[in-house]
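A closer look at the structure
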Amino acid sequence: MKKKLPGLCTFLSLVLVLGFIGKTILDYTRYQDPANSAPFSLWIEVNALMMLVPAALVFLLGLFIKKSGK
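The present account deals with the structure reproduced in this document. (Residues numbered from 1 in each chain as written. Predicted model: local features only at pLDDT ≥ 70, side-chain atom pairs only at ≥ 80, totals over all residues. Heavy atoms only, no water.)

**Describing the overall build of the chain**
Rule in force here: A run of H or I in DSSP counts as a helix once it spans at least four residues, and a run of E counts as a strand once it spans at least two, with each numbered from the N terminus. Just to be clear, the radius of gyration here is over C-alpha atoms, and the globule rule we use is 2.2 Å times residues to the power 0.38. Only protein chains enter the area calculation, which uses a 1.4 Å probe; residues under 20% of their type maximum are buried, those over 50% are exposed, and those in between are partly exposed. For this analysis, residues touch if any pair of their heavy atoms sits within 4.5 Å. Note that accessible areas follow from Shrake-Rupley with a 1.4 Å probe, and for residues the cover is restricted to the protein chains shown.
Along the chain, the regular secondary structure elements total two helices and zero strands. Relative to its length of 70 residues, the chain is extended, with a C-alpha radius of gyration of 16 Å against a globular reference of 11 Å. Residues classed as buried in the chain amount to 20% of the 70 residues present. Sequence-distant contacts, at least 24 apart, represent 69% of the contacts inside the chain between residues at least 6 apart. Split by element, the accessible area of the chain, about 5500 Å² in all, is 74% carbon and sulfur.

Below, the structure written as structure tokens:
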């Protein structure tokens, strides 16, 4: 199980990064400048906070597990 966990963490972080890209594209298609008071860059920052930060943490956790297993 310890050998599969770093690969699972890498896969999960990749899924989160792809989810960030997909959600940002979807938000862009739904964004209407006059109807929203927040700039689109704020939407990107929120998406990054929700998906890229956990992706980085999971990836680093996978690297830590891989290094500690050697």
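**So, the pattern of salt bridges**
Which entries qualify depends on this criterion: Each reported salt bridge corresponds to a side-chain nitrogen of Lys or Arg within 4 Å of a carboxyl oxygen of Asp or Glu.
All told, the structure shown has one salt bridge when counted by the stated rule. One salt bridge connects lysine 23 with aspartate 27, and the closest N-O pair in it is separated by 3.2 Å. Pair noted here: lysine 23 and aspartate 27 are both in helix α1 (residues 4-30), with a separation of four residues, about one helical turn. Overall, the relative accessible area of 7% leaves aspartate 27 in the buried class.

**Points about the packing of aromatic side chains**
Which entries qualify depends on this criterion: Ring pairs shown here join Phe, Tyr and Trp side chains whose ring centres sit within 6.5 Å, with only the six-membered ring taken for Trp; geometry is labelled stacked below 30 degrees between planes, edge-to-face above 60, and tilted in between.
Under the definition given, this model contains four aromatic pairs. Measuring from centroid to centroid gives 5.4 Å for tyrosine 31 and tryptophan 43, while their planes differ by 85°, and the two rings are edge-to-face. You can see tyrosine 31 sitting in the loop between α1 and α2 (40-68) and its partner tryptophan 43 sitting in helix α2, a full 12 residues away along the chain. Of the residues examined, tyrosine 31 reaches a relative accessible area of 17% and is grouped as buried. Given the relative accessible area of 26%, tryptophan 43 is considered partly exposed. Taken together, Tyr28, Tyr31, Phe40 and Trp43 form an aromatic cluster joined through their ring pairs.

**Notes on the side chain of asparagine 47**
Summarising the element assignment, asparagine 47 is placed in helix α2. What makes asparagine 47 buried here is its relative accessible area of 6%.

**Considering the packing of α1 against α2**
As a reminder, the rule being used: Here an axis means a line fitted to C-alpha atoms, over the contact stretch when the element is a helix, while the angle between two N-to-C directions is reported on a 0 to 180 degree scale. Orientation is classified from the angle alone, with under 35 degrees giving roughly parallel, over 145 giving roughly antiparallel, 65 to 115 giving roughly perpendicular, and any other angle giving oblique.
Remark: α1 packs on α2, axes separated minimally by 7 Å, with the N-to-C direction vectors making an angle of 170°. The orientation of α1 relative to α2 falls into the category roughly antiparallel.

**Regarding α1**
To keep it simple, the criterion reads: Working rule for helices: expected span equals 1.5 Å times residues minus one.
A rise of 1.5 Å per residue sets the reference length of α1, with its 27 residues, at 39 Å; its end C-alpha atoms lie 39 Å apart and thus fit the reference within 8%. Among the residues of α1, those classed as buried are Pro6, Cys9, Ser13, Phe20, Thr24 and Asp27. Considering only its buried residues, α1 is in contact with α2.

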